[in-house]
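Each chain, written out:
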Amino acid sequence: MKIKDLTDYLEEIAPLSYQESYDNAGLIVGDPNKEISSALICLDCVEEVIDEAIAHNIDLIIAHHPIVFKGLKKLNGKDYVERVVIKAIKNDIAIYAIHTNLDHVSVGVSKKICDKLGLVNTRVLAPKDNLLKKLVTFVPQSHKEQVKDSIFAAGAGKIGNYSECSFEVNGQGNFKANEDADPFVGEKNKRHTEDETRVEFIYPATLEKAIINALLKSHPYEEIAYDIYALTISYSEVGAGMIGELEQPMKEADFLKMVKNNMKADVIRHTKLFDKEIRKVAVCGGAGSFLLKQAISSGAHIYISADFKYHEFFDADGKIIIADIGHFESEQFTQDLLLEIIQKKFPNFALRLTVQNTNPIKYLS
Ligand SMILES: [Zn+2]
């Protein structure tokens, strides 16, 4: 297959438009039309990972963190970023990054942490606004089900655990076809009134092209009337962090031991324990101090994340336990997540998880 076949699929799951403005997810090095036969999955595309790709004849590296984050003005190998890019190009290895877009989907980085910790009833901690739209169209009543089927199949009408959601009301549509028209109903040069249904659908903006295509293909009229509205409400499926619950409450110390074990963390830095039982848990893979307020207001007992600074630990303020498990540790299972996502669609494609531990932080114990 081509690189594009794989990355288009990944971007159906984690659309590039869901990444933060500072991010640089997407195809960083390489030609999207290049044929590939294997990929190497890692968190950080460092030089050792490129060497591993070379040694195993791998065409594409899929990394969580983008190796190029800021603009490159010169390319002469003066730092590790430039050396990685040069080595990748020389060896015809493509580099793709799936970063904050994968953080922000409900099947992404933080969901993997929830699964590792056995959390249930998971939902996005800080859902994003302005990602949903509404389509309103007017269909002759005889063709309403056909149009609805087609638009639902394109992905519209999903709200939480419900699918095929729409609203409709019957009314009359009026039109007069001119000499050059080929009207589906009515006569030329005569105003026609048709019994129509106004149907409304909600959808994620990323699916708009497919949904409008579905409408245009399934609607019987020559000229199809439809409106598109931008919605400002939040999208429960997309945003940073997650919250979930333990099936059985646990003692704080036991829970932290389980986190340390399941997340393979050498060290957990945490705030004062309350000596209560834990049920509700907030998580965020990677640097998550920016979500502390939402974690507190969600009612979570503990917040599992990484990259907290000294003064930020004070912000727990007796309202929550902060547990910093380390950036790499919180995200390392993202590699397995990517493997699972790709294998689901391309079961015969050769995938390899890097054997390099790319964590730049070492612990002296
Ligand atoms: Zn990260």
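Above this text sits the structure in question.
Here is a short report on the structure shown in this document. (Residues numbered from 1 in each chain as written. Predicted model: local features only at pLDDT ≥ 70, side-chain atom pairs only at ≥ 80, totals over all residues. Heavy atoms only, no water.)

Looking now at the pattern of salt bridges. Counted according to the given criterion, the structure contains 18 salt bridges. Aspartate 51 serves as the salt-bridge partner of lysine 87, at 2.6 Å between the closest nitrogen and oxygen. Here the residue lysine 87 occupies a position in helix H3 (residues 80-90), and aspartate 51 occupies one in helix H2 (residues 47-55), the gap between them amounting to 36 residues. Residue classification places lysine 87 among the partly exposed residues on the basis of a relative accessible area of 28%. With a shortest N-O distance of 3.3 Å, aspartate 317 and lysine 319 are connected by a salt bridge. With a relative accessible area of 52%, aspartate 317 lands in the exposed category. The network of salt bridges with shared partners includes Lys144, Glu145, Lys148 and Glu168. (Salt bridge = Lys/Arg side-chain N within 4 Å of Asp/Glu carboxyl O. Helix = DSSP H or I, 4+ residues; strand = E, 2+ residues; numbered from the N terminus. Buried < 20%, exposed > 50% of the residue type's maximum accessible area, 1.4 Å probe, protein only.)

For the rest of this paragraph, the subject is the environment of aspartate 227. Residue position: aspartate 227 is located in strand E9 (residues 226-230). Accessibility expressed as a relative area gives 30% for aspartate 227, which makes it partly exposed. Excluding residues within four positions of it along the chain, aspartate 227 makes contact with Lys134, Leu135, Val136 and Phe138. (Contact = heavy atoms within 4.5 Å.)

Before going further, it helps to spend a moment on the sheet that holds strand E3 (residues 60-65). With mixed pairing, the five strands of this open sheet are ordered in space as E1-E4-E3-E2-E15. Two strands lie at the open edges of the sheet, namely strand E1 (26-29) and strand E15 (350-353), each paired on one side alone. Mean inter-strand twist for the sheet, computed between neighbouring axes without regard to direction, equals 25°. Note that E1 and strand E4 (residues 94-97) share three bridges and pair antiparallel. Note on E4: the bridge partner recorded for valine 29 is isoleucine 95. With respect to the sheet, helix H1 (residues 3-13) is in contact with E1, E3 and E4, its orientation differing from that of E4 by roughly 5°. (Pairing = 2+ DSSP bridges. Axes fitted to C-alpha atoms, helices over the stretch in contact; angles between N-to-C directions.)

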